[in-house]
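# Notes for the structure review
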Amino acid sequence: MLEKFKRLIHLYDEIIRHPHKTEIARELRDEDDLFFLLLYSDMLGLPNPVFYYTLELYPFMLEKFHDWHLRMGMEHSPLEGIRCC
């Protein structure tokens with residue numbers, strides 16, 4: 001009985017979420033873009049008051065950096081220290 005209820009809730013969730021999947025994906029991508037801008041703003045010449053705290057996130061975000069700068073319309077990496085292309 002519990003398994004049927006879980007499947008029913010999952011089905012309901014999918015029905016509600018389906019028309020908004022592209023909108024949700026776009027919002028998540030926009031949030032990621034803003035986060036990357038904040039993360040790399042100091043390297044781009046914009047003052048970042050939390051640079052010290054975001055410094056430890058760089059190794060995790062380098063994998064996604066290439067996709068980000070292409071999405072922002074930059075053919076090559078704007079940062080001299082990061083060569084991804």
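Below or above, wherever it landed, is the structure these notes cover.

Analysis parameters
- Residues numbered from 1 in each chain as written.
- Predicted model: local features only at pLDDT ≥ 70, side-chain atom pairs only at ≥ 80, totals over all residues.
- Heavy atoms only, no water.
- Helix = DSSP H or I, 4+ residues; strand = E, 2+ residues; numbered from the N terminus.
- Rg over C-alpha atoms; globule rule 2.2 N^0.38 Å.
- Buried < 20%, exposed > 50% of the residue type's maximum accessible area, 1.4 Å probe, protein only.
- Contact = heavy atoms within 4.5 Å.
- Core = buried A, V, L, I, M, F, W, Y, C linked by side-chain atoms within 4.5 Å.
- Salt bridge = Lys/Arg side-chain N within 4 Å of Asp/Glu carboxyl O.
- Expected span 1.5 Å × (residues − 1).
- Arc of directions from axis to C-beta.

What follows deals with the overall build of the protein. Each helix and strand in the protein was counted, giving 4 helices and 0 strands. Start at the N end of the protein and walk to the C end: the helices and strands fall as α-α-α-α. Relative to the 2.2 N^0.38 estimate, which gives 12 Å for 85 residues, the radius of gyration of the protein is 19 Å and therefore markedly larger than a compact globule would have. In terms of overall dimensions, the protein has C-alpha extents of about 60 × 30 × 20 Å along its principal axes. Taken across its 85 residues, the protein has 18% of its residues classed as buried. The long-range fraction of contacts in the protein, counting pairs at least 24 apart against all pairs at least 6 apart in sequence, stands at 32%.

Further remarks concern the environment of P19. Counting through the fold element by element, P19 comes out in the loop between α1 (2-17) and α2 (21-40). Measuring from C-alpha to C-alpha, the distance between P19 and S77 comes to 35 Å, with 58 residues separating the pair along the chain.

Of all hydrophobic cores here, the largest spans 7 residues; its members are F36, L39, Y40, Y58, M61, F65 and W68. Residue assignment for this core shows that the elements contributing at least two residues are α2 and α4 (58-71). In terms of residues, this core owes the most to one element, α4, which gives 4 residues. W68 has contacts with D33, F36, L37, L44 and M74, leaving out every residue within four places of it along the chain.

To continue, consider the pattern of salt bridges. Taken as a whole and assessed by the stated rule, the structure comprises 3 salt bridges. A salt bridge links K21 to E14, with the shortest nitrogen-to-oxygen separation between them at 3.6 Å. Assessed through its relative accessible area of 28%, E14 is described here as partly exposed.

The end-to-end C-alpha separation of α2 is 28 Å, in line with the 28 Å expected for 20 residues at 1.5 Å each. Every buried residue of α2 is listed here: D33, F36, L39 and Y40. Seen from one end, α2 has its buried residues packed into an arc of 125 degrees, which puts them on one side. Opposite the buried face of α2, by more than 90 degrees, sit the exposed residues E31 and L34. On its buried side, α2 packs onto α3 (51-54) and α4.

Take the environment of H69 next. By secondary structure assignment, the location of H69 is in helix α4. Among the residues examined, H69 registers a relative accessible area of 0% and is labelled buried. Considered as a pair, H69 and R7 are 62 residues apart in the sequence and their alpha carbons are 40 Å apart.

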